There are 2 protein chains.
Amino acid sequence: MSNLSSSVGIVTPQHADFATPLPLNSGHVLASYRLTFETYGTLNAARSNGILICHALSGHHHVAGRYSADDKAAGWWDNMVGPGKPIDTNRFFVVGVNNLGGCHGSSGPSSIDPDCGQPWGSRFPVVTVPDWVTAQARLADRLGIDRWAAVIGGSLGGMQALQWSIDYPERIAHALVIASAPKLSAQNIAFNDVARQAIITDPDFLGGDFYAHGTIPRRGLRLARMLGHITYLSDDGMGEKFGRMLRSGEYQFGYDVEFEIESYLRYQGDKFSDYFDANTYLLMTKALDYFDPAKDYGGDLVAALKKASASFLVASFTSDWRFSPERSRETVKALIAAGKRVSYGEIESVHGHDAFLMTDQPYVDLMQAYLDRVAEEVNA
Amino acid sequence: MSNLSSSVGIVTPQHADFATPLPLNSGHVLASYRLTFETYGTLNAARSNGILICHALSGHHHVAGRYSADDKAAGWWDNMVGPGKPIDTNRFFVVGVNNLGGCHGSSGPSSIDPDCGQPWGSRFPVVTVPDWVTAQARLADRLGIDRWAAVIGGSLGGMQALQWSIDYPERIAHALVIASAPKLSAQNIAFNDVARQAIITDPDFLGGDFYAHGTIPRRGLRLARMLGHITYLSDDGMGEKFGRMLRSGEYQFGYDVEFEIESYLRYQGDKFSDYFDANTYLLMTKALDYFDPAKDYGGDLVAALKKASASFLVASFTSDWRFSPERSRETVKALIAAGKRVSYGEIESVHGHDAFLMTDQPYVDLMQAYLDRVAEEVNA
């Protein structure tokens with residue numbers, strides 16, 4: 001499925017600059033900002049076939065395709081988005097957007113604050129899932145899309161899809177909420193805080209204003225990513241892939257890489273620290289921590305979802321312990337109690353939280369079946 | 001149960017210095033070494049009522065009692081060890097020992113290398129569970145104990161109890177292996193490696209020889225402990241205790257403590273970094289990683305356990321995901337297949353891995369019942 005023949009091909013990111021101030025949940029106001037995005041497929045005459053893809057912690061707008069013929073890596077959801085794929089670019093106009101606070105072109109801590117010509121750094125305000133949804137709605141306006149056929153996301157992306165259904169009920173026909181949760185547990189927050197403390201206490205972080213000093217808090221980012229990776233994989237999946245395999249066949253009795261799993265994690269951490277912005281990492285984890293649509297409704301998720309009018313697909317993966325099936329079932333139960341149309345798929349997978357990015361066949365089949373129905377509605 | 005009236009009272013640590021070289025699994029030889037230990041209760045005339053308590057990652061020899069009348073903290077297992085308690089000091093002679101490589105009085109990285117008069121630091125060799133058991137056997141010799149009535153430990157301590165049954169079958173009547181595992185999984189090793197990398201990449205670690213420079217790798221130790229704590233508690237237990245409780249009642253939209261769980265973890269991390277030695281932390285996690293008694297038997301745990309002659313109590317806790325009940329059942333199955341006497345208790349608890357240090361009543365009852373039987377045998 002993910003061969004190049006079914007790719008959206010060569011793609012180019014676009015930018016949308018907004019001059020209308022954006023008031024944020026925190027009380028801060030962004031006077032102006034840029035969103036970087038990509039689109040695949042063609043918007044139909046009725047402008048009714050738009051699908052918004054919301055990204056997770058380390059994601060971005062580059063969802064599918066490649067930037068050049070010899071680009072080695074395709075977009076992060078290229079296995080799911082393309083001609084003939086479940087999110088079918090022959091039928092849908094697909095939009096990927098880098099969220100505010102990101103580090104891939106949209107306004108964020110590493111971008112230039114127009115007020116002073118320096119990187120925002122620590123002065124970039126904390127943004128929340130509702131803030132992102134507001135910004136995404138303005139992008140929809142710019143693209144002439146009154147109503148999305150679907151808003152789709154996994155993990156933190158699923159939270160945005162759920163928030164869309166609450167904040168703009170009339171502007172979203174379907175919300176696909178994958179491997180997500182209605183709010184983080186204490187354990188989820190705890191893992192995030194360890195990652196944040198790793199970054200913040202890195203001497204090269206310099207209070208978040210490291211850009212001017214030519215440093216990067218690589219040690220902290222590396223640890224954050226190593227830890228993150230453990231929580232993305234399942235215990236069983238890690239066991240199957242790495243087990244207790246040794247790098248050199250025998251115990252070395254030292255602190256260099258001994259087990260293959262150490263080698264894998266350190267490599268992932270090193271790679272990540274080369275390209276990801278430390279402030280964006282902090283900000284994305286805070287958006288996760290703060291997400292709690294029931295909060296304004298006295299903790300009542302059913303009440304929060306009452307005004308939603310979208311149909312929902314909620315999906316979870318059996319071995320996902322970061323956002324376990326139990327958490328998705330909380331969302332499903334609240335949606336049912338609120339009288340909404342909801343389909344739920346609990347998919348057998350060994351891939352843990354990462355499964356939402358993979359191609360376990362039952363998952364692909366579920367997405368395909370659901371989106372076939374969405375496509376039929378669009379063309380009805 | 002844990003009131004002072006049933007305490008062993010005021011206790012004093014003792015030291016045993018050994019001049020006979022100790023060959024280690026790594027190939028290194030410790031020319032001489034010191035073990036710091038404590039004893040409670042009285043060794044009977046037959047010298048048959050000795051119980052050895054083996055400690056876990058951050059434990060030590062101070063198992064029960066207090067160092068002075070106004071000592072605020074009792075030993076780490078004071079709820080389980082004392083007159084009338086499950087490990088009853090009216091009936092047993094209980095020995096707690098700080099393992100080699102520790103930082104509480106026994107020879108370790110922070111102790112003085114007699115060869116050069118400086119702290120061992122990075123030159124202290126990596127030690128393993130079998131090395132510890134050998135050193136503990138020499139301490140038993142020194143105390144005149146040919147055979148332990150029981151060797152008891154939780155977590156890494158349970159691994160030592162299991163190793164005793166294999167290495168000195170004739171010297172141990174009962175092995176109590178609590179909240180432990182026959183070897184670490186890839187996920188277990190992964191968590192350990194993140195903790196180690198946090199310490200090793202702390203600029204104040206200085207390759208392990210920070211003592212001479214007057215620095216302490218506090219940042220790394222703090223992160224290691226924060227992460228450790230998450231894995232000691234259960235998701236549900238953390239949820240019950242902290243949930244999404246906010247420090248100040250409302251979102252602050254910043255990076256200071258926001259949720260109570262963050263406050264708890266950071267406090268635990270800070271406290272730990274004040275007193276625990278970074279090199280000992282590294283060394284203890286490596287001992288965990290390397291533990292694999294089946295390794296010398298082609299991966300066959302049943303074969304490894306064949307020569308054991310002890311009786312076994314294996315216990316696990318339902319919400320422990322660091323060493324889940326499934327891991328204890330692996331040990332139980334191998335013991336049964338090897339034809340050994342084994343009792344197994346899977347205890348309902350919300351306390352996660354930490355449950356082995358707590359007083360869930362079914363756990364206390366199980367220990368009491370099993371050790372009553374051990375006491376009867378001693379007096380038979």
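Everything numeric in this text was worked out from a predicted model, so none of it was measured.

## Things to note about the pattern of salt bridges
All names here are of chain A.
- The tally for this structure, following the rule as stated, stands at 38 salt bridges over all chains.
- One salt bridge connects aspartate 113 with arginine 123, and the closest N-O pair in it is separated by 2.7 Å. With a gap of 10 residues between them, aspartate 113 in strand 9 (residues 112-113) and arginine 123 in the loop between strand 10 (118-119) and helix 1 (129-143) connect regions that are remote in the sequence.
- Among the residues examined, aspartate 113 registers a relative accessible area of 5% and is labelled buried.

## A few points about a negative patch on the surface
- Taken together, Asp235(A), Asp236(A), Glu240(A) and Glu326(B) make up a surface patch of like negative charges.
- Along the chain, Glu240(A) turns up in helix 5 (residues 235-241).

## Some remarks on the packing of helix 1 (residues 129-143) of chain B against helix 2 (residues 156-167) of chain B
All names here are of chain B.
- Two elements in contact, helix 1 and helix 2, have axes separated by 9 Å at closest approach and are oriented at 70 degrees. Regarding the angle of helix 1 to helix 2, the classification is roughly perpendicular. The interaxial crossing formed by helix 1 with helix 2 has right-handed handedness. For the pair helix 1 and helix 2, contact is made by Val129, Pro130, Trp132, Val133, Gln136 and Ala137 and by Leu156, Met159, Gln160, Gln163, Trp164 and Asp167, respectively.
- For the contact of helix 1 with helix 2, the class distribution of residues is 8 nonpolar, 3 polar and 1 charged.

## With respect to the sheet that holds strand 8 (residues 93-97) of chain B
Residues and elements named next belong to chain B.
- Taken together, the 8 strands give an open sheet; going across it, the order is 1-4-8-5-11-12-13-14, and neighbouring strands pair in mixed fashion. The sheet terminates laterally at strand 1 (14-18) and strand 14 (342-347), the two strands that pair on one side only. Strand-to-strand twist across the sheet, computed as the mean angle between neighbouring axes with direction ignored, equals 20 degrees.
- Where strand 13 (residues 311-317) meets strand 14, 6 bridges bridge the pair, whose relative direction is parallel. Looking across to strand 14, one finds that valine 314 is bridged to tyrosine 344.

## Considering the UniProt feature "binding site: substrate" (unreviewed entry) in chain A
Residues and elements named next belong to chain A.
- Within this numbering scheme, the UniProt entry marks Arg225 and Asp354 as carrying the feature "binding site: substrate" (unreviewed entry). Spatial clustering of the annotated residues is evident: they stretch over 130 residues in sequence, but the largest pairwise C-alpha distance comes to 13.6 Å.
- Within the secondary structure layout, arginine 225 lies in helix 4 (residues 218-232).
- With sequence-adjacent residues up to four places away left out, arginine 225 is seen in contact with Ser58, Tyr232, Gln268, Gly269, Phe272 and Tyr275.
- Turning to its location among the elements, aspartate 354 is positioned in the loop between strand 14 (342-347) and helix 10 (361-379).
- Residues within four places of aspartate 354 in sequence aside, it is in contact with Tyr232 and Leu233.

## Brief notes about the pairing of strand 11 (residues 150-154) of chain B
Residue and element names in this part refer to chain B.
- The element strand 11 is extensively covered by neighbouring structure, given that 5 of its 5 residues are classed as buried.
- The alternating pattern of strand 11 places Ala150, Ile152 and Gly154 and Val151 and Gly153 on opposite faces, both of which are buried.
- By the bridge criterion, 4 bridges tie strand 5 (residues 50-54) to strand 11 in an arrangement that is parallel. Paired with isoleucine 53 across the two strands is isoleucine 152, which belongs to strand 11.
- Where strand 11 and strand 12 (residues 174-178) come together, 4 bridges link them in parallel fashion.

## Structural notes on the packing of helix 3 (residues 186-200) of chain A against helix 7 (residues 278-290) of chain A
Residues and elements named next belong to chain A.
- Here helix 3 crosses helix 7 at 160 degrees, and the two axes come no closer than 10 Å. Taken together, the axes of helix 3 and helix 7 are roughly antiparallel relative to one another. Of the two possible hands of crossing, helix 3 and helix 7 adopt the one that is left-handed. Residue-level inspection shows Ile189, Asn192, Ala195, Arg196, Ile199 and Ile200 of helix 3 in contact with helix 7, the latter providing Ala278, Tyr281, Leu282, Thr285, Lys286, Leu288 and Asp289.

## Some details on helix 2 of chain B
Residues and elements named next belong to chain B.
- If you check helix 2, its first and last C-alpha atoms are 16 Å apart, about what 12 residues at 1.5 Å a residue would give, namely 16 Å.
- Here helix 2 lies mainly inside the structure; 11 of its 12 residues are buried.
- Residues Leu156, Gly157, Gly158, Met159, Gln160, Ala161, Leu162, Gln163, Trp164, Ser165 and Ile166 constitute the buried set of helix 2.

## A few points about helix 10 (residues 361-379) of chain B
Residue and element names in this part refer to chain B.
- The terminal C-alpha atoms of helix 10, which comprises 19 residues, lie 27 Å apart, in line with the 27 Å expected from a rise of 1.5 Å per residue.
- Within the sequence span of helix 10, burial applies to Tyr363, Val364, Met367, Tyr370, Leu371, Val374, Ala375 and Val378. Looking down the long axis of helix 10, one finds its buried residues gathered within 150 degrees of arc, a one-sided arrangement.

## Points about the UniProt feature "domain: AB hydrolase-1" (unreviewed entry) in chain A
- As annotated by UniProt and renumbered to match this structure, "domain: AB hydrolase-1" (unreviewed entry) occupies residues 51-336 of chain A.
- Taken end to end, residues 51-336 of chain A comprises 38% helix and 12% strand; its first and last C-alpha atoms sit 24 Å apart.

## So, the interface of chain B and chain A
- Each side of the interface is counted separately: chain B has 55 residues, and chain A has 55 residues.
- Both faces combined, the contact of chain B with chain A buries some 4800 Å², and carbon together with sulfur accounts for 65% of it.
- Among the residues of chain B in contact with chain A, Arg244(B), Phe253(B) and Tyr255(B) are the three that bury the most area, contributing 16% of the side total.
- Applying the counting rule to chain B against chain A returns 10 salt bridges.
- Here Arg244(A) and Asp292(B) are joined by a salt bridge, their closest N and O atoms 3.6 Å apart.
- The interface formed by chain B and chain A holds 28 residue pairs in polar contact (both at pLDDT 80 or more) in total.
- Breaking the side of chain B that touches chain A down by element, the ones donating at least two residues are helix 3 (186-200), helix 4 (218-232), helix 5 (235-241), helix 6 (260-275) and helix 7 (278-290) of chain B.

## As for the relation of the copies chain B and chain A
- Here chain B sits on chain A after a turn of 180 degrees about the axis and a move of 0.0 Å along it, with an RMSD of 0.0 Å. Here the transformation between the copies is reduced to the relation of a two-fold axis.
- Interface residue correspondence from chain B to chain A reaches 100%, placing this contact among same-surface, isologous pairings.

Conventions used here
- Residues numbered from 1 in each chain as written.
- Chains lettered and ligands numbered in written order.
- Predicted model: local features only at pLDDT ≥ 70, side-chain atom pairs only at ≥ 80, totals over all residues.
- Heavy atoms only, no water.
- Salt bridge = Lys/Arg side-chain N within 4 Å of Asp/Glu carboxyl O.
- Helix = DSSP H or I, 4+ residues; strand = E, 2+ residues; numbered from the N terminus.
- Buried < 20%, exposed > 50% of the residue type's maximum accessible area, 1.4 Å probe, protein only.
- Patch = residues over 30% accessible without salt bridge, like charges linked within 9 Å, V, L, I, M, F, W, Y side chains within 5 Å.
- Areas by Shrake-Rupley, 256 points an atom, 1.4 Å probe, with all protein chains shown as cover.
- Lys, Arg positive; Asp, Glu negative; His and termini not counted.
- Charge placed at Lys NZ, Arg CZ, Asp CG, Glu CD.
- Axes fitted to C-alpha atoms, helices over the stretch in contact; angles between N-to-C directions.
- Parallel < 35°, antiparallel > 145°, perpendicular 65-115°, else oblique.
- Left-handed = near helix turned anticlockwise from the far one by under 90°.
- Contact = heavy atoms within 4.5 Å.
- Nonpolar A, V, L, I, M, F, W, Y, C, P; charged D, E, K, R; others polar.
- Pairing = 2+ DSSP bridges.
- UniProt positions renumbered as here; feature names shortened; annotations may be inferred.
- Expected span 1.5 Å × (residues − 1).
- Arc of directions from axis to C-beta.
- Buried area = accessible area lost by both parts, 1.4 Å probe.
- Polar contact = N/O pair within 3.5 Å; in protein donor to acceptor, adjacent residues only side chain to side chain.
- Least-squares fit on C-alpha atoms with pLDDT ≥ 70 in both.

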